[in-house]
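Examination of the molecular architecture
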Amino acid sequence: MYLYNSATHKKEEFVPRDPSLVKMYTCGPTVYHYAHIGNLRSYIMEDVLEKFLRWEGYPVKRVMNITDVGHLASDADTGEDKMLKGARREHKTVMEIAKFYTDAFFADCADLNIKTPDVVEPATRCIDEYIAIITRLLEKGYAYQAGGNVYFDTSRLERYYIFNDHDEEDLAVGVRESVEEDGNKRNKADFVLWFTKSKFEDQALKWDSPWGVGYPGWHIECSGISIKHLGEYLDIHCGGIDNAFPHHTNEIAQSEAYLGHPWCRYWMHVHHLNTSDGKMSKSKGEFLTVSLLKEKGYDPLAYRFFCLQSHYRKALVFSWENLDNAAGAYRKLIDRIAALRPADGPVDQGAVEEAKARFDKAVGNDLNTSMGITALYDALKVKTNDATKLAILDSFDQVLSLSLLPKAAAVRAEQEKVKAVQAQGGYTVTGEGDPDIDALVRARGEAKKAKNFAEADRIREELKQQGIEITDVPGGAVWKRI
Ligand SMILES: [Zn+2]
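Sequence positions are assigned chain by chain, starting from 1 and proceeding in written order. Selection of residues for local features in this predicted model requires a pLDDT of at least 70, selection of side-chain atom pairs for listing and counting requires 80 or more, and totals for whole chains, interfaces and linings are taken over all residues.

Our next topic: the overall build of the protein chain. Across its full length, the protein chain holds 16 helices and 19 strands. Counting every position in the protein chain, which comprises 482 residues, the buried fraction comes to 41%. Once C-beta atoms are placed from the backbone, any two residues with those atoms within 7 Å are in contact. Partitioning the intrachain contacts of the protein chain with sequence separation of at least 6 by distance along the chain shows that 73% fall at a separation of at least 24. Here a helix means four or more residues in a row that DSSP labels H or I, a strand means two or more in a row labelled E, and each is numbered from the N terminus. Using C-beta atoms placed from the backbone, we call a residue buried if 20 or more other C-beta atoms fall within 10 Å of its own, exposed if 12 or fewer do, and partly exposed for counts in between.

An order of β15-β14-β16 is seen for the 3 strands of this open sheet, with the pairing classed as mixed. The open sheet has two edge strands with one neighbour each: β15 (278–279) and β16 (316–317). At least two DSSP bridges between two strands are needed for those strands to be called paired. Summarising the sheet, strand β14 (residues 273–275) and β16 pair through 2 bridges and their orientation is parallel. What sits directly across from N274, in β16, is V317.

This part is about the packing of helix α1 (residues 37–55) against helix α13 (residues 386–400). Between α1 and α13, whose axes approach to 7 Å, the crossing angle comes to 135°. One finds that α1 runs oblique with respect to α13. The segment α1 lies against α13, with V48, K51, F52 and W55 engaging Q398, V399 and L400. Partitioned by chemical class, the residues of the contact of α1 with α13 number 5 nonpolar, 1 polar and 1 charged. Lines fitted to C-alpha atoms define the axes, with helix axes restricted to the stretch in contact, and inter-axis angles between N-to-C directions lie between 0 and 180 degrees. Any angle that falls under 35 degrees is termed roughly parallel, while one over 145 is termed roughly antiparallel, one within 65 to 115 roughly perpendicular, and all others oblique. Gly is placed with the polar residues, together with every amino acid not listed as nonpolar (Ala, Val, Leu, Ile, Met, Phe, Trp, Tyr, Cys and Pro) or charged (Asp, Glu, Lys and Arg).

Moving on: the sheet that holds strand β13 (residues 264–270). Spatial strand order, β7-β4-β3-β12-β13: 5 strands in an open sheet with parallel pairing. At either end of the open sheet lies a strand with only one pairing partner, and these are β7 (119–122) and β13. For this sheet the average axis-to-axis angle between neighbouring strands, irrespective of direction, equals 20°. Where strand β3 (residues 22–26) and strand β12 (residues 234–240) come together, 3 bridges link them in parallel fashion. Bridging from a neighbouring strand, T26 pairs with C238 of β12.

Bringing the environment of G426 into the picture now. Along the chain, G426 turns up in the loop between α14 (404–423) and β17 (428–430). Classification of G426 as exposed rests on a count of 11 C-beta atoms within 10 Å. Taking C-alpha positions, G426 is 6.1 Å from G475, a pair spaced 49 residues apart along the chain. Residues within four places of G426 in sequence aside, it is in contact with V421 and G475.

This part covers the pairing of strand β18 (residues 468–473). Here 6 bridges tie β18 to strand β19 (residues 476–481), and the two strands are oriented antiparallel to one another. Bridge pairing links I468 to R481 in β19. Connecting the antiparallel pair β18 and β19 is a turn made up of 2 residues, with G475 showing a positive phi of about 80°.

Any link to function would need more than the numbers given here.
Laid out in structure tokens, this is it:
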């Protein structure tokens, strides 16, 4: 496959160092709050990348960290530890917060069909690894102690800015905007490897180290965890575009200084999800989470479909209208697949292979998932039997993970149930899977049957207030949210 490599600013053919195992690392969440759907866009696209590599036949080992210590409010190592902020907000301990939001993150991932990486490692479990790396960086002269903290000395590197053209002045602006300037740094770009001097007396988690009791900086954890589980050479490192600087830039600096050779070959960065007023964040505007989408009646996979419709290297604009369009298209796609008849003949393997080659070319071109979605519609038009079409869709869905076949099967089963009940003269309610609404719609149907039209109208009005529209059909009613 071809992948845009942020480190070289070019689209390159992906060639793993060792084809018998692709080594992939993903920066995980800082578990002090729910993930917003903008964060989850990155995890969806990284999931597609992993599944595509597996689909192409590569064995993959993927590692992800969970940041449960050391990520300060500003990425430039100033401000309050985000975990502590979360704990204070909710009157819980840092570890309780970490557990709660780690579980919430994986629940969101499950709703979005995002596979859990092979290794998930909380940052607090690898303190010995960070201490070993920092010790060697000090020995090699890449790090220094100042004011009780240990810093990485960026002036020792021939090249520090890997991903962009940041210069001292850009960075100076960043420093000015952050909470406070750190007078211990020799160079503005230097960053903390180990803190002992936290300005917050009650920093909850601390460990002993050769430099005093303290805690690791945010950047060192990804180098430590990656090298621990994936060794000295990494094939692909992924993350959101806002991680490119300073986080990934610092990861490269410390990893290569420590190892003494190049570390990671390909860097993949997923761009932002924006709202009409700019980049989505936890503190600005409506806090958009998977739970909120579900509360509003959206299938989380409609959001996955929405993300896959656009390229990961372009900013994507979220609006409820855009999501509605994607949700409508997703439902129609499922309905079209539900209309296919399974086992209507033998699967034409030649046609499957041909379609797979087209999909491979489309998605293998820098993870062009919108072309992958187009390939789904093309598969529905292939001149072949339905069993073959279903086999093609099933294969593509191993990468896109839209649950196409199970959802289509559920729609088909529901349709058959309706038919069966109708055949017996019964009353069926079909809707969007909400038992409370189903019960009200059914009560209205029964009131009508009993010629209690006042009650039937009252229930219809009550549902209308909730944004539900009912359509009477032979033998029952269908409802939907409008
Ligand atoms: Zn990271």
